[in-house]
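# Coordinates in review
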Amino acid sequence: MMNTDDITYALAKQVPDIAGRGCTIGTSYGQIDIPPGRTADQLAAYLTRLLQCELLAADKRAAHAMRAEPL
């Protein structure tokens, strides 16, 4: 699980780099090279939405933890 600092960094630096320069995805069966262009742009857009949702969920968990009454 990524922490909020990791997510924020990914959104600020890594995801825009994917859109601009493409990326390589490593799997146990080998690498998938994604060159710059339409696929990289779509992947970056999807990752942006996914990571924003993760950040929102983490914020909600933290807010809930602050409101929770001790046992």
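About the thresholds
Residues numbered from 1 in each chain as written. Predicted model: local features only at pLDDT ≥ 70, side-chain atom pairs only at ≥ 80, totals over all residues. Heavy atoms only, no water. pLDDT = per-residue confidence, 0-100. Helix = DSSP H or I, 4+ residues; strand = E, 2+ residues; numbered from the N terminus. Axes fitted to C-alpha atoms, helices over the stretch in contact; angles between N-to-C directions. Parallel < 35°, antiparallel > 145°, perpendicular 65-115°, else oblique. Contact = heavy atoms within 4.5 Å. Nonpolar A, V, L, I, M, F, W, Y, C, P; charged D, E, K, R; others polar. Core = buried A, V, L, I, M, F, W, Y, C linked by side-chain atoms within 4.5 Å. Buried < 20%, exposed > 50% of the residue type's maximum accessible area, 1.4 Å probe, protein only.

## Comments concerning the confidence of the model for the chain
- Per-residue confidence for the chain gives a mean pLDDT of 93; residues scoring 70 or more make up 94%.
- Within the chain, the lowest mean pLDDT, 93, falls on helix 2 (residues 38-67), and the highest, 98, falls on strand 2 (residues 30-34).

## Comments concerning the packing of helix 1 (residues 4-21) against helix 2
- At a minimum axis separation of 9 Å, helix 1 and helix 2 run at an interaxial angle of 170 degrees. As judged from the angle between their axes, helix 1 and helix 2 are roughly antiparallel. Side by side, helix 1 and helix 2 meet where T4, I7, T8, A10, L11, V15, I18 and A19 of the first sit next to A40, D41, L43, A44, L47, T48, L51, Q52, E54, L55 and A58 of the second.
- Looking at the contact of helix 1 with helix 2, its residues break down into 13 nonpolar, 4 polar and 2 charged.

## Here's the deal with the nonpolar core
- I7, A10, V15, I18, C23, I34, A40, A44 and L51 together form the largest nonpolar core, which totals 9 residues.
- Secondary structure elements with two or more residues in this core: helix 1 and helix 2.
- Among the elements that line this core, the one with the most residues is helix 1, at 4 residues.
- Not counting residues within four places of it along the chain, the set of residues in contact with A10 comprises M2, V15, P16 and L51.

## A look at the environment of Q14
- You can see Q14 is positioned in helix 1.
- On the basis of relative accessibility, which here comes to 41%, the residue Q14 falls in the partly exposed class.
- Counting along the chain gives 30 residues from Q14 to A44, while the straight-line C-alpha distance between them is 9.1 Å.

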